[in-house]
Amino acid sequence: MAFAIEEYTLPAPSDIAVKMYEDSAVLWTHVQATFGLALVGLALGTAVGIAVAVLLHIVPPFKTALSPLLVLSQNVPLIALGPLLIIWFGFGTTPKLILLVLVCFFPVALSILVGLGQAEPHLREYLGMIGASRWERFKRLEFPASLTYLFSGLRIAATYVVSSAIVAEWLGAGANTGIGFYLKLKFSGFQQAAVFGSIVCIVVMSLLFFYMVVLAERLVIRWRPRPEPEWKEASS
Amino acid sequence: MSGSDSRGSTLELEGIVKSYRRGKERTLVLNDVSLTVRAGEFVSLIGPSGSGKSTLFRMIGGVEKPDQGRVLIDGEDRTGHKGLISYMPQQAALFPWLKVEDNIRFALVSTGTPKREAKEQAAQWLERIQLGHVAKEYPHVLSGGMQQRISFLRALLMRRSVMCLDEPFAALDALTRADMQRWLLELWEADRRSVLFVTHSIEEALVLSDRIYVLSPAPATVLRELVVPFERPRRADVWTSPEFVELKREVLRLLEEGHSGTV
Ligand SMILES: Nc1ncnc2c1ncn2[C@@H]1O[C@H](COP(=O)(O)OP(=O)(O)OP(=O)(O)O)[C@@H](O)[C@H]1O
Ligand SMILES: [Mg+2]
């Protein structure tokens with residue numbers, strides 16, 4: 001039969017569902033582990049990203065000197081960096097977190113850095129006229145103005161954080177938790193239904209992270225007329 | 001307001017020259033502008049659009065430096081010094097992420113008003129200009145005229161001895177405008193700060209000021225300095241007096257002359 005699809009190439013959705021149900025207890029602990037790892041990684045990455053951007057913005061010579069390094073930090077592939085980090089930091093959570101921070105901080109830092117420089121010239125001039133200090137200019141103008149940019153960077157980071165966590169878990173041979181670990185296990189066991197089950201988990205978690213960022217943005221940025229949720233209504 | 005200590009300072013501009021580079025050419029915007037606002041005086045600046053009035057304010061505020069000339073405050077050279085004046089920009093320049101009351105409060109605090117007092121003043125004055133109900137709103141929900149009044153209030157309450165207002169009432173209807181003028185005069189008469197006031201309305205300048213400088217189109221020079229002789233406090237019906245009409249005609253003639261001179 002020309003259209004016959006073997007179970008080991010593409011399992012039926014029903015098989016995937018059944019497998020996920022059977023494995024649900026195990027899956028749940030792995031999902032929790034991955035979720036926690038991604039969340040901490042995203043939070044740390046964001047914090048590092050903000051700190052780096054602010055530093056580069058406040059000390060302009062740093063910006064010219066260190067910007068190439070920022071780009072460089074993204075050029076080393078995770079699969080090369082992961083094993084190195086494990087050699088340096090052992091099999092604990094540290095190397096995984098470093099990996100996630102490296103992935104997450106970049107879009108955040110880059111977008112804030114743009115935002116910090118974009119502050120409305122009229123407002124900048126006004127602060128100058130009334131003699132506001134550098135700190136006030138940062139606090140009242142540049143930082144708040146960069147928040148919308150921060151969130152667009154954060155959306156990118158949130159999109160990548162779960163799959164990066166999977167890679168980190170896949171590489172972190174010693175640790176035996178997380179969907180990445182589960183995936184690796186099932187993959188080498190040729191259990192395709194379980195492999196697809198973990199993909200489902202990854203996709204769902206990724207979406208969850210993305211919407212968490214969207215929600216946080218709504219909660220933080222209240223001073224704008226609310227933009228129509230473009231990704232929802234674009235099709236209608 | 002309390003500020004009995006906040007008496008006005010003298011503001012002198014001496015031979016201010018400023019040009020901007022536009023593409024390859026340099027355009028002269030201010031061509032040797034000299035003017036004085038004596039301590040406690042109310043002086044208006046009238047000039048055609050694009051003559052360089054807002055530019056002049058940026059020199060006074062110190063965010064830009066003149067090519068030539070000096071800015072003196074109380075006789076001392078303050079060219080390029082920031083933070084000496086209270087300022088209302090032509091565009092309201094409210095901070096979109098601060099609620100209305102916080103916009104006022106933060107500006108006052110950063111210019112030296114104690115926190116508690118800034119809060120009280122903001123609340124009290126918003127009430128007084130009938131904007132108390134929007135104190136907790138973000139600026140984007142306000143109309144242009146409302147934003148302008150808030151920006152005006154922010155400048156008015158700032159403790160500085162020189163106040164520079166750039167077309168503060170341009171976006172207001174006649175009645176609100178008259179109210180604002182009345183408040184401005186009341187406050188000014190109470191604490192006599194020095195005021196430099198840009199307007200396109202000749203009546204407004206005549207009702208409010210002690211003196212008026214009329215500027216030529218760019219490159220701007222002072223065409224004439226006029227003294228407004230009406231007694232203080234100004235009567236509400238000054239504009240009906242023949243002298244008023246005469247002065248208005250005079251200013252209009254000057255502006256027309258300057259205009260035809262460039263065409
Ligand atoms: N940063 C700048 N670069 C180049 N040209 C400028 C700059 N700022 C102002 N100008 C020019 O200087 C001239 C005077 O501008 P300014 O804003 O001071 O006019 P104005 O008298 O305040 O006009 P209006 O009454 O319309 O507010 C204009 O021709 C403007 O194009
Ligand atoms: Mg102007």
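None of these values were measured; they are calculated from a predicted model.

Turning our attention to the overall build of chain B. Along the backbone of chain B there are 7 helices and 10 strands. Relative to the 2.2 N^0.38 estimate, which gives 18 Å for 263 residues, the radius of gyration of chain B is 18 Å and therefore close to what a compact globule would have. Each principal axis of the C-alpha atoms in chain B carries an extent, and together these give about 50 × 45 × 35 Å. The burial tally for chain B puts 54% of its 263 residues in the buried class. Of the roughly 11,700 Å² of accessible surface on chain B, 48% is carried by carbon and sulfur atoms. With 36 positive and 35 negative side-chain charges, chain B shows a separation of 5 Å between the mean positions of the two kinds.

Before going further, it helps to examine empty space enclosed by the protein. Residues and elements named next belong to chain A. Tallying each qualifying case throughout the model produces 1 cavity of 30 Å³ or more. Gly82, Ile86, Pro95, Lys96, Leu99, Ala168, Leu171 and Gly172 together form the lining of the largest cavity. Residue assignment for the lining of the largest cavity shows that the elements contributing at least two residues are α4 (78-89), α5 (93-117) and α7 (134-171). Looking at the lining of the largest cavity, its residues break down into 5 nonpolar, 2 polar and 1 charged.

This part covers the site of ligand 1. Residue and element names in this part refer to chain B. Around ligand 1 there are 14 residues in total, and Ser49, Lys53, Ser54, Thr55 and Gln90 lie nearest to it. Residue Gln90 places a side-chain N or O atom 2.7 Å away from an oxygen atom belonging to ligand 1. Contacts to ligand 1 include Glu167, whose side-chain N or O atom sits 3.3 Å from an oxygen atom. Of all the secondary-structure elements, those providing two or more residues to the shell around ligand 1 are β1 (11-22) and α1 (53-61). With 4 residues, the single largest contributor to the shell around ligand 1 is α1. Tallied by class, the residues present in the shell around ligand 1 amount to 2 nonpolar, 8 polar and 4 charged.

Cut-off values and rules
- Residues numbered from 1 in each chain as written.
- Chains lettered and ligands numbered in written order.
- Predicted model: local features only at pLDDT ≥ 70, side-chain atom pairs only at ≥ 80, totals over all residues.
- Heavy atoms only, no water.
- Helix = DSSP H or I, 4+ residues; strand = E, 2+ residues; numbered from the N terminus.
- Rg over C-alpha atoms; globule rule 2.2 N^0.38 Å.
- Buried < 20%, exposed > 50% of the residue type's maximum accessible area, 1.4 Å probe, protein only.
- Areas by Shrake-Rupley, 256 points an atom, 1.4 Å probe, with all protein chains shown as cover.
- Lys, Arg positive; Asp, Glu negative; His and termini not counted.
- Charge placed at Lys NZ, Arg CZ, Asp CG, Glu CD.
- 1 Å grid on protein atoms, 1.4 Å probe; cavity = no way out; pocket = protein on both sides within 12 Å on 5 of 7 lines; lining within 4 Å.
- Points joined across faces, edges and corners; volume = space filled by probe spheres on them.
- Nonpolar A, V, L, I, M, F, W, Y, C, P; charged D, E, K, R; others polar.
- Near = heavy atom within 4 Å.
- Polar contact = N/O pair within 3.5 Å; in protein donor to acceptor, adjacent residues only side chain to side chain.

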